[in-house]
Structure formats: C-alpha cells, structure tokens
Amino acid sequence: MNETKINVLNVMFNSVTKENILNILTKRIAENKKTFLVTANPEIVMHANSDQGYMENIQKADYVIADGIGIIIGSKIIGQPLPERIPGFELMQELLKKGSESNWSAYFLGAKQEVVEKAVETIRKQYPNLQIAGYHDGFFDWDSNMIQDEIKKSKPDLIFVALGLPRQENFIAKNLAKFDKGLFIGVGGSFDVIAGTVKRAPVIWQKLNLEWLYRLIKQPSRWRRMLVLPLFLIRMLKIKLKG
Ligand code: UDP
C-alpha cells in the first residue's frame, strides 16, 4: 500500500490509483473503520486556499484523491506526479458495485428531493443487493441533528454526501465524530447524473480529459467558477519557478 502524500497548495493528496484506493476502502469497510475521503479537484484546492475553515476540514480527511485532470497536471508541474485521475463519480459507481456484491448498506444525502429519490430508485435497480439505509434531500436545517441521528442509527457502510463544495466536506468534518463507522465521501452533483437530470460528458470527451470543457459548454453559468483552473495552474507554475 502506497502511503506517499503529495502537497498540492497545502492539500495533501494520497499518491494512489483507483485500484489502490478501492482496495484500501474495501478493507476499511470490512473492518468497520470510519473513513473520510475527499475527491479533490482544483476548485476544492483553490477554495481551501481562500477559506481557512474549509482547509482545516479538508485536512481532517483520511484520504484525499485527485479528481480532475488539473490536479494531475499540477502535480506534474511541481515534479511530483500523482499516478492517475480518479473521478469521484467513477469511485462512487465502483463502491456501489462492491456494495451490491458484499451486501453493504448506503445512505444518500443531498440534491433536491425528487433528484435524490430518482437516484436511489435507479441505484436500487442497478445494484439490487445494496441495502438502502436511507436518504434525505440536501436542503435541510443545519442546526437540526435529525439526519445525523438517522445515519448514526442505521450504521451505513457508505455515506454519499452530495451537497456541492464547500458544504459537503464541511458537513462531513463537522459531524464525523458523531458516527461510529462508515465511509463518508462528498460526491458533488453525482445524484443529478444518476437521476438523469444532468448528463456526464460522452466517453470520448472523458478520454481526452475534456470533461471540464463539456460541462462548461452545457452549463455556461459555471464559467466564473472555472476561472480557478487557469489560476490554479499559474500558482503551480510559480511554485515550480521558485524551485
Ligand atoms: N445541493 C444541496 N444542498 C445545497 C446546495 C446544493 O443538496 O444547499 C446539491 C445540488 O442540488 C446538487 C449538488 O448539491 O445536486 C451539487 O451542487 P453544485 O453543482 O452546486 O456543486 P458541484 O458539484 O459543482 O460541487
């Protein structure tokens, strides 16, 4: 098991492949260990660098993996290449598959009510042996402990939190101590993709590492958020130039 960590603007990435991390997570789930995993893209790294509270929460994660070609390019620029991009959506699919094979249970938190319902319905059909511990939409009262109590009681093996950044990592970090077990992972807009309300880029775009461009074309309102990509790469180049 490779425990090497690569520092990308103070976010410590685990130098792992998708297969490595899946093996690690499967073992931890079998041992009922509690795990907080962050799938970080340049947006997360840049946000953490402008929000100290968010940075501290990311630093509480047991594992941080590289979601997004920008992180891979950035790690190459500083001469410490991470092995491969691990899209959070793919990791989620792999975990659901393993969950169905091993009778794990899963809880789904986030997105609009009709989206999370549809996503759970699709997952039930696709992964029939996965136990659904519960689900809740992502527009809830943060001062209430209702959802946390439900998760604690139902003891799921997997907890997918689709609240977008920074809410999902903040929610997990803030509440982690309340839970006894489970893999907690922020999955952004994945429920929307599973429910079919948002489409993932065609495979050819994914293979060409152009998923970000496809998203930009489909949701032009994201352009402002995407400005962080070039800014991120400029910061990595500056680090390289400073030696
Ligand atoms: N979302 C939520 N609660 C909120 C805000 C957002 O559940 O208070 C959901 C939203 O419905 C979507 C997901 O979080 O399903 C991801 O949102 P967004 O696209 O803004 O985040 P990103 O994936 O870009 O991080």
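Given the structure is predicted, the values throughout are model-derived calculations rather than measurements. Per chain, residues are indexed from 1 in the order of the written sequence. Totals for whole chains, interfaces and linings use every residue, but because this is a predicted model, local features are given only for residues with pLDDT of at least 70 and side-chain atom pairs only at 80 or more, for both listing and counting. Processing note: side-chain calculations cover all non-hydrogen atoms of the structure and skip hydrogens and water entirely.

Draft legend 1. Geometry of a nonpolar patch on the surface. Patch membership requires more than 30% relative accessible area and the absence of a salt bridge. Residues of like charge join within 9 Å; the nonpolar side chains Val, Leu, Ile, Met, Phe, Trp and Tyr join within 5 Å. All accessible areas in this document rest on Shrake-Rupley with a 1.4 Å probe, and a residue is counted as covered only by the protein chains that are shown. Here, a salt bridge means any side-chain nitrogen of Lys or Arg that lies within 4 Å of a carboxyl oxygen of Asp or Glu. Nonpolar side chains collect at one region of the surface, where W223, L227, L231 and I234 lie side by side and expose about 390 Å² of accessible area between them. Mapping I234 onto the fold places it in helix 13 (residues 228-242). Labels follow the DSSP assignment, with helices taken as runs of H or I lasting at least four residues and strands as runs of E lasting at least two, numbered in each case from the N terminus.

Draft legend 2. Representation of the pattern of salt bridges within the structure. A complete count under the given rule lists 10 salt bridges for this structure. The partner of E90 in a salt bridge is R200, with the nearest N and O atoms 3.4 Å apart. Taken as a pair, E90 in helix 5 (residues 88-102) and R200 in the loop between helix 9 (190-195) and helix 10 (203-207) lie far apart in primary sequence, 110 residues in all. A salt bridge links K152 to D180, with the nearest nitrogen and oxygen atoms 3.3 Å apart. Separated by 28 residues along the polypeptide, K152 in helix 7 (residues 146-154) and D180 in the loop between helix 8 (167-175) and strand 8 (182-186) bring together distant segments of the chain.

Draft legend 3. Geometry of the packing of helix 4 (residues 69-77) against helix 13. Fitting a line to C-alpha atoms yields each axis, with helices limited to the stretch in contact; the angle taken between N-to-C directions then spans 0 to 180 degrees. Put simply, helix 4 and helix 13 touch, their axes get as near as 9 Å, and they point 15 degrees apart. With respect to helix 13, the element helix 4 is oriented roughly parallel. Considering how the two elements wind past one another, helix 4 and helix 13 form a crossing that is right-handed. Contacts from G70, I71, I73, G74, S75 and I77 in helix 4 reach L229, F232, L233, M236, L237 and K240 in helix 13. Each angle gets one of four labels, with under 35 degrees taken as roughly parallel, over 145 as roughly antiparallel, 65 to 115 as roughly perpendicular, and the rest as oblique. Take the far helix as your reference; a near helix turned counterclockwise from it by less than a right angle gives a left-handed crossing, and one turned clockwise gives a right-handed crossing. The contact definition used throughout considers only heavy atoms, calling two residues in contact when any of these lie within 4.5 Å.

Draft legend 4. Structural view of the packing of aromatic side chains. The aromatic pairing rule takes the rings of Phe, Tyr and Trp, using the six-membered ring of Trp, and pairs them if the centres are within 6.5 Å, calling planes under 30 degrees apart stacked, those over 60 edge-to-face and the rest tilted. Counted under the stated rule, the structure contains 7 aromatic pairs. For the pair W205 and Y214, a centre-to-centre distance of 5.3 Å together with 70 degrees between the ring planes defines the contact as edge-to-face. Among the residues examined, W205 registers a relative accessible area of 28% and is labelled partly exposed. Look at Y214 and you get buried, because its relative accessible area is 13%. Among the aromatic residues, those joined into a ring-pair cluster are F108, F160 and F191. Relative accessible area decides the class of each residue, using a 1.4 Å probe on protein chains only: under 20% of the type maximum gives buried, over 50% gives exposed, and in between gives partly exposed.

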